[in-house]
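Summary of the model geometry
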Amino acid sequence: MSPLLSVRDLHVTFGITRAGDMPWTKPRLLHAVNGVSFDLEPGETLGIVGESGCGKSTLARGLIRMVPATGQVMWRGEKDLLAISAAEMKRYRSEIQMVFQDPLASLNPRMTLGQIIAEPLKTHRPDLSAKDRAARVAAMMERVGLLPQMINRYPHEFSGGQCQRIGIARALVVEPKLLICDEPVSALDVSIQAQVVDLLMELQSEMGLAMIFIAHDLSVVKHISDNVMVLYLGRMMERAPKRELYAAPQHPYTQALLSAVPIADPEVERTKKIIPLTGDLPSPMAPPSGCVFRTRCPRAQAQCGQTVPEAGYGDHRTACLYPGAIRAEELA
Amino acid sequence: MSLISDDTAAAAVPQKGRSPWADARRRFFRNKAAMLGLAILVFVTAFALFGNVLAQWSNEELDFMVMGQVAELGGPTLSNGHYFGTDDLGRDLYARTVQGTQISLAVGIIGALIAVIVGTTYGATAGYVGGRVDTLMMRFVDIFMAVPYMFILILLLVMYGRSIGMLFVGVGMISWMDMSRIVRGQTLSLKGREFVEAARATGVPAPVIIARHIIPNLLGVIAVYATLLVPLMILTESFISFLGLGVQEPLTSLGALISEGADTLNYGTTWQLAFPLLFFILTLFGFFFVGDGLRDALDPKDR
């Protein structure tokens, strides 16, 4: 069986024009996502992690054509989402839904909860009668844990966690196959984060959803994902099943990220060794040659500036010329 | 879910939500200056609509008893039914003021309405579509803004005759441009908000996004600007009427009445200026106060 989503060599490039440029000046190119490939099976959760500005959100937006992308995004082995017309794409938009980072900002302040959740139904199921629609909205509200009497309330009357439940209800009311969660819990309190993540996992197993879960919190991703992909400067560094990635990361960047996760035990935290990353994220307008991570990599050799490392195939893919476990001299 | 189990009994009745509009309304009604402005506006509107019921003379009748001796006999009095006195020709100034207020309000409101409808559609479209279309549409507005509109308006009135229809067209034509700029700017900032992105990701068509997501969130700004636009329209019309190019006899407007009153001021007929001016000022005050109150009530920064 073909995977639900099969992404090959996805690129998202923005043209940047500075103020004062002449109209005929060629815009400078920013490669936000640079040749990312992965497969997603039905019911699978893929966690995407990386620093701010590494292209996590842009990758997700490129998949559903919210930003112009090139490459190939095969949907259930039948259609390339990047090649079809905008009108045809509309059909697939009900199958791929999205949950956003800022729960309150993603809800129209002038619409009631009922209207917000009903909107995707109105768009994709115009055949439903008002009564059927109301019934589906009510069922969805109950499923995400919103009280039915709240239906006429406005977003500003809800807490962040409740707003995110509304956002989830809106995404799931059209029964999509794939849910893209763009940092759905990073704006919430830690206690609420757990509730929302558990809700997502519950709904996922009930509805057989596949999920792309973007976060920069590695422990949340560890909790929810089947596979994890690490991005750096628009490129994939490592992709592996969760257990393998957390237990035996192969890419020095993944190792550095994992070593920076705080541990809730002062004894362990004090004696823990971390891999220091020196310097800042290079500008995506002028990425380093060869391996983009080499400027901050403790393992970099001359060869890293020449060759762009290929990720290879298989379950555990590492885009590094010198993959392997952490070495003693890399720790600080 | 566990959240529901506690009070399923109360769950059946949907609670009423407190909409952002209801909040704004409460803030508006608590604003004393705005309520005073609203009271003035209600009074002026009632005067314009029903003032004729009290009038003992029509606006066209000449009172031959006072004609020729307007300065001595034409003053405001209850005895001969000229509450506001008469004008230079012996016509009842009360009836004339009622008529002038009607015309001035109509010009102001219709001018502002044209601005709201055309400006909002134009600005929201330019802002939402963006890119080249936006540049083209807004440069077009810039070019039109650079044209001295008063000059064009006067030319139009001279060329096509001084009709009230022409006045509406002229006033409406110039008023929508500022509106479209404001709306475009607001649309640009709304377009980047996540709820618009959410609607786009769901596949809601662009016209529906503009109608359902953009415009309702713009209505506050539009309402404020429209209320402040009405007095500007009234002022424009008065200025043109003052120049003698506005509404023509037997119709009149507050501007035309003020112009006449100012002309005859030297003969000692102060009331001919005072009463139209009073209603003119009241109307402007009312609109400005209400506009200010609306701004305070709807301004998102105050929340």
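As the structure is a prediction and not an experimental result, all values here were calculated from the model.

Attention now moves to the overall build of chain B. Summing up its helical and strand segments, chain B has 13 helices and zero strands in all. Helices (α) and strands (β) of chain B occur, in sequence order from the N terminus, as α-α-α-α-α-α-α-α-α-α-α-α-α. Over its C-alpha trace chain B gives a radius of gyration of 25 Å, far above what one expects of a compact globule, namely 19 Å for 303 residues. Taking the principal axes of its C-alpha atoms as reference, chain B extends roughly 85 × 55 × 25 Å. Looking at chain B as a whole, 48% of its 303 residues are labelled buried. In the form shown here, chain B has an accessible surface area of approximately 14,800 Å², with 68% of it arising from carbon and sulfur atoms. Charge centroids of chain B, computed over 21 positive and 23 negative side chains, lie 15 Å from each other.

Attention now moves to the layout of surface pockets. All names here are of chain A. Considering only enclosed or pocket space, the second largest pocket measures out at about 460 Å³ in volume. Contributing to the lining of the second largest pocket are 23 residues, with Gly35, Ser37, Met236, Ala311 and Arg317 lying nearest its centre. Taken together, the elements giving at least two residues each to the lining of the second largest pocket come down to β1 (5-16), β2 (28-40) and β10 (235-241). Examining the composition of the lining of the second largest pocket, we find that six residues originate from one element, β2, more than from any other. Here the lining of the second largest pocket is composed, by residue class, of 11 nonpolar, five polar and seven charged.

Turning our eyes to something else, we now look at a nonpolar patch on the surface. Taken together, the side chains of B:Val147, B:Phe151, B:Ile152, B:Leu155, B:Met159 and B:Tyr160 make up a nonpolar region of the molecular surface, amounting to roughly 590 Å² of accessible area. Among the structural elements, B:Leu155 can be located in helix α8 (residues 149-159).

All names here are of chain B. The terminal C-alpha atoms of helix α7 (residues 131-146), which comprises 16 residues, lie 23 Å apart, in line with the 22 Å expected from a rise of 1.5 Å per residue. Within α7, burial applies to Asp134, Met137, Met138 and Val141. Viewed along the axis of α7, the buried residues span an arc of 90 degrees, placing them on a single side of the element. Opposite the buried face of α7, by more than 90 degrees, sit the exposed residues Arg132, Leu136, Ile143 and Ala146. Residues of α7 that are buried in the fold lie against α6 (93-129) and α9 (164-191).

What follows covers the sheet that holds β2(A). All names here are of chain A. As summarised here, the arrangement of the four strands in space is β2-β1-β4-β5, forming an open sheet in which the pairing is antiparallel. Of all the strands in the sheet, just β2 and β5 (79-80) have a single pairing partner and so form its edges. Note that β1 and strand β4 (residues 70-75) share five bridges and pair antiparallel. From the neighbouring strand, Ser6 faces β4, where its bridge partner is Met74. Lying over the sheet, helix α1 (residues 56-63) contacts β1, β2 and β4, oriented at roughly 110 degrees with respect to β1.

Definitions and cut-offs
Once a new chain begins, its residue numbering starts again from 1 and follows that chain's sequence as written. Labels follow written order: the first chain is A, the first ligand is 1, and so on. Note on the predicted model: pLDDT of at least 70 is required for a residue's local features to be given, and 80 or more for side-chain atom pairs to be given and counted; whole-chain, interface and lining totals, by contrast, use all residues. The basis for every side-chain value is the complete set of non-hydrogen atoms in the structure, without hydrogens or water. A helix here means a DSSP run of H or I that spans at least four residues, while a strand means a run of E at least two residues long, and both kinds are numbered starting from the N terminus. All radius of gyration figures rest on C-alpha atoms, and the globule criterion is 2.2 Å times the number of residues raised to 0.38. Note on exposure labels: buried denotes an accessible area under 20% of the residue type's maximum, exposed denotes more than 50%, and partly exposed covers the range between, all computed with a 1.4 Å probe on protein chains only. For accessible areas, the Shrake-Rupley method is used with a probe of radius 1.4 Å. Any residue's cover is judged against the shown protein chains and nothing else. Asp and Glu count as negative and Lys and Arg as positive, but His and the ends of the chain are not part of the count. Every charge is mapped to an atom, namely NZ of Lys, CZ of Arg, CG of Asp or CD of Glu. Cavities and pockets are found on a 1 Å grid laid over the protein atoms alone: a cavity is a set of points where a 1.4 Å probe fits but cannot escape, a pocket is an open set with protein on both sides within 12 Å along at least five of seven lines, and a lining residue has an atom within 4 Å of such a point. Grid points are joined across faces, edges and corners, and a volume is the space filled by probe spheres set on the points. Gly falls in the polar group here, along with every residue not listed as nonpolar (Ala, Val, Leu, Ile, Met, Phe, Trp, Tyr, Cys, Pro) or charged (Asp, Glu, Lys, Arg). By definition, no residue in a patch forms a salt bridge, and every one has over 30% relative accessible area; like charges are joined within 9 Å, nonpolar side chains (Val, Leu, Ile, Met, Phe, Trp, Tyr) within 5 Å. Here a salt bridge means any side-chain nitrogen of Lys or Arg lying within 4 Å of a carboxyl oxygen belonging to Asp or Glu. Here the expected span of a helix is defined as 1.5 Å times the quantity of residues minus one. Arc, as used here, means the arc of the directions from the helix axis to the C-beta atoms. Whether two residues are in contact is decided by their heavy atoms: any pair within 4.5 Å suffices. Note: two strands are recorded as paired if DSSP finds a minimum of 2 bridges between them. To obtain an axis, a line is fitted to C-alpha atoms, over the contacting stretch when the element is a helix, and the angle between two such axes runs from 0 to 180 degrees between their N-to-C directions.

Any functional reading would require information that these geometric values do not contain.
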